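Below, each chain spelled out in residue letters.
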Amino acid sequence: MKLIRVENYEEMSSSAARLVEQQILDNSRSVLGLATGSTPLGLYEQLIRGVHERHISYKQVQTISLDEYCGLSADHPNSYRYFMNGHLFQHIDIQLDNTHIPDGTASPVEAECQRYEALIDRIGPPHLQILGLGTNGHIGFNEPGTPEASVTHCVKLEESTRKSNVRFFSDLDSVPMHAITMGIQSILKSEQILVLASGKKKAPAVKRFLAGGVSEDFPVSFLWKHPHVTLIVDKEAYSLAAAEKE
Ligand SMILES: N[C@@H]1[C@@H](O)[C@H](O)[C@@H](COP(=O)(O)O)O[C@@H]1O
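Counting of residues starts from 1 at the beginning of each chain's written sequence and follows it residue by residue. Totals for whole chains, interfaces and linings use all residues, but because this is a predicted model, local features are given only for residues with pLDDT of at least 70 and pairs of side-chain atoms are given and counted only at 80 or more. Computation of side-chain values: all heavy atoms of the structure, hydrogens and water removed.

- Per an unreviewed UniProt entry, the protein chain goes by the name Glucosamine-6-phosphate deaminase and belongs to Planococcus citreus.
- UniProt positions are given in the numbering used here, feature names are shortened, and annotations may be inferred rather than shown by experiment. Regarding the protein chain, the UniProt comment filed under Pathway (unreviewed entry) reads as follows: "Amino-sugar metabolism; N-acetylneuraminate degradation; D-fructose 6-phosphate from N-acetylneuraminate: step 5/5."

**Overview of the site of the ligand**
(1) Moving on: Nearness here has a simple test: a residue counts as near a molecule or strand if at least one of its heavy atoms is within 4 Å of that partner. Lining the immediate surroundings of the ligand are 14 residues, of which Ser38, Thr39, Asp67, Arg167 and Lys202 lie closest.
(2) Moving on: Counting of polar contacts relies on pairs of N or O atoms within 3.5 Å, with two restrictions inside protein: one atom must be capable of donating a hydrogen and the other of accepting it, and residues adjacent in sequence are counted only when both atoms are side-chain atoms. One of the side-chain N or O atoms of Ser38 is found 2.6 Å from an oxygen atom in the ligand.
(3) Moving on: At a separation of 2.6 Å, an oxygen atom of the ligand approaches a polar side-chain atom of Arg167.
(4) Moving on: Only the protein chains shown count as covering a residue, and every accessible area follows the Shrake-Rupley method with a 1.4 Å probe. In the complex, 95% of the free accessible area of the ligand, which totals 390 Å², lies under the protein chains.
(5) Moving on: Tallied by class, the residues present in the shell around the ligand amount to three nonpolar, eight polar and three charged. Residue classes follow a fixed rule: Ala, Val, Leu, Ile, Met, Phe, Trp, Tyr, Cys and Pro count as nonpolar, while Asp, Glu, Lys and Arg count as charged, and any other residue, Gly among them, counts as polar.

**Observations regarding the side chain of Thr36**
(1) Moving on: Take Thr36: it is sitting in the loop between strand 2 (31–34) and helix 2 (41–53).
(2) Moving on: Take Thr36: its relative accessible area is 14%, and that puts it in the buried class.
(3) Moving on: Once you skip the residues sitting within four places of it in the chain, Thr36 turns out to touch Asp67, Tyr80, Phe83 and Met84. Every helix listed is a DSSP run of H or I at least four residues long, and every strand listed is a run of E at least two residues long, numbered separately from the N terminus. Relative accessibility under 20% of the residue-type maximum defines a buried residue, over 50% an exposed one, and the middle range a partly exposed one, all with a 1.4 Å probe and only protein chains included. Any two residues whose heavy atoms approach within 4.5 Å at even a single point are treated as in contact.

**Focus: the UniProt feature "domain: Glucosamine/galactosamine-6-phosphate isomerase" (unreviewed entry) in the protein chain**
(1) Moving on: Mapped onto the present numbering, the UniProt feature "domain: Glucosamine/galactosamine-6-phosphate isomerase" (unreviewed entry) falls at residues 11–224.
(2) Moving on: Overall, residues 11–224 shows 34% helix and 14% strand. The separation of its end C-alpha atoms is 24 Å.

**A short note on the environment of Phe89**
(1) Moving on: Within the secondary structure, Phe89 sits in the loop between helix 3 (80–87) and strand 5 (99–100).
(2) Moving on: In this structure Phe89 comes out as buried when scored by relative accessible area, which is 3%.
(3) Moving on: Once residues lying within four places of it in the same chain are set aside, the contact partners of Phe89 are Leu34, Thr63, Arg81, Met84, Ile94, Leu96, Thr99 and Ile101.

**Structural notes on the sheet that holds strand 5**
(1) Moving on: Strands qualify as paired when DSSP identifies two bridges or more between them. As summarised here, the arrangement of the seven strands in space is 1-10-9-6-2-3-5, forming an open sheet in which the pairing is parallel. In this open sheet, the two strands that pair with only one neighbour each are strand 1 (2–5) and strand 5.
(2) Moving on: Where strand 2 and strand 3 (residues 62–65) come together, four bridges link them in parallel fashion. Considered in strand 3, the bridge of Leu32 is made with Thr63.

**Re the side chain of Asn136**
(1) Moving on: Structurally, the position occupied by Asn136 is in the loop between strand 6 (128–131) and strand 7 (153–156).
(2) Moving on: In this structure Asn136 comes out as buried when scored by relative accessible area, which is 15%.
(3) Moving on: Here the side chain of Asn136 touches His138 through a polar contact of 3.1 Å, landing on its backbone nitrogen.
(4) Moving on: Beyond its immediate sequence surroundings of up to four residues, Asn136 is in contact with Glu143, Pro144, Glu158, Ser160, Thr161, Asp217, Phe218 and Pro219.

This is how it looks when you write it as structure tokens:
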């Protein structure tokens, strides 16, 4: 795994943006795997600037998002479709038909999961998969205990995950109980994986990840099985791992 240590959130975002843009410059038909959450917001801002300042074009790019809340439609302000449209897709020259996100309202949900996994295999897997990191080590919405062989599936969200994400909702009751997420196996299919971690809250998870070892109760640790992973951490997120070394 390649570790890139940067000073702060801004540097993490611009360093990630350079890697994404290089991928697109190398292959204008790139497939990008995208994450939601607050971590990649700065990266998405940088990518939007890149369209204007560095003439990066997304006309032929396809995107595959990691996850979506069950029960939230595309026009619900807390759906990940709404998030991705508002924070990235509406501001770049991508074709909306080329942006893929699980449909949280589809029924039965199992059929939607199968459709999505087949889509990953058909148009993907991503050349570059962006990942944030849950405080409990989750990636996408793969909570601790998710098997390595998992493909796109419906998960019951942990209380801690719902509490972490309540800041985007009016109250805890409004946070959905379930989500559709790409599985560990679906994520590991990507050619390259870029994990971003910023801030003190992520320091324990970063420390545990960097200590090595693969364990089902810490989903990000499965990335040790992938040959091309880059982790970009800022000073705060790295602080506990750094203290360990001293
Ligand atoms: N499903 C998303 C994850 O993909 C994301 O990595 C995580 C961390 O969020 P944040 O970046 O806001 O810390 O939140 C959610 O649970």
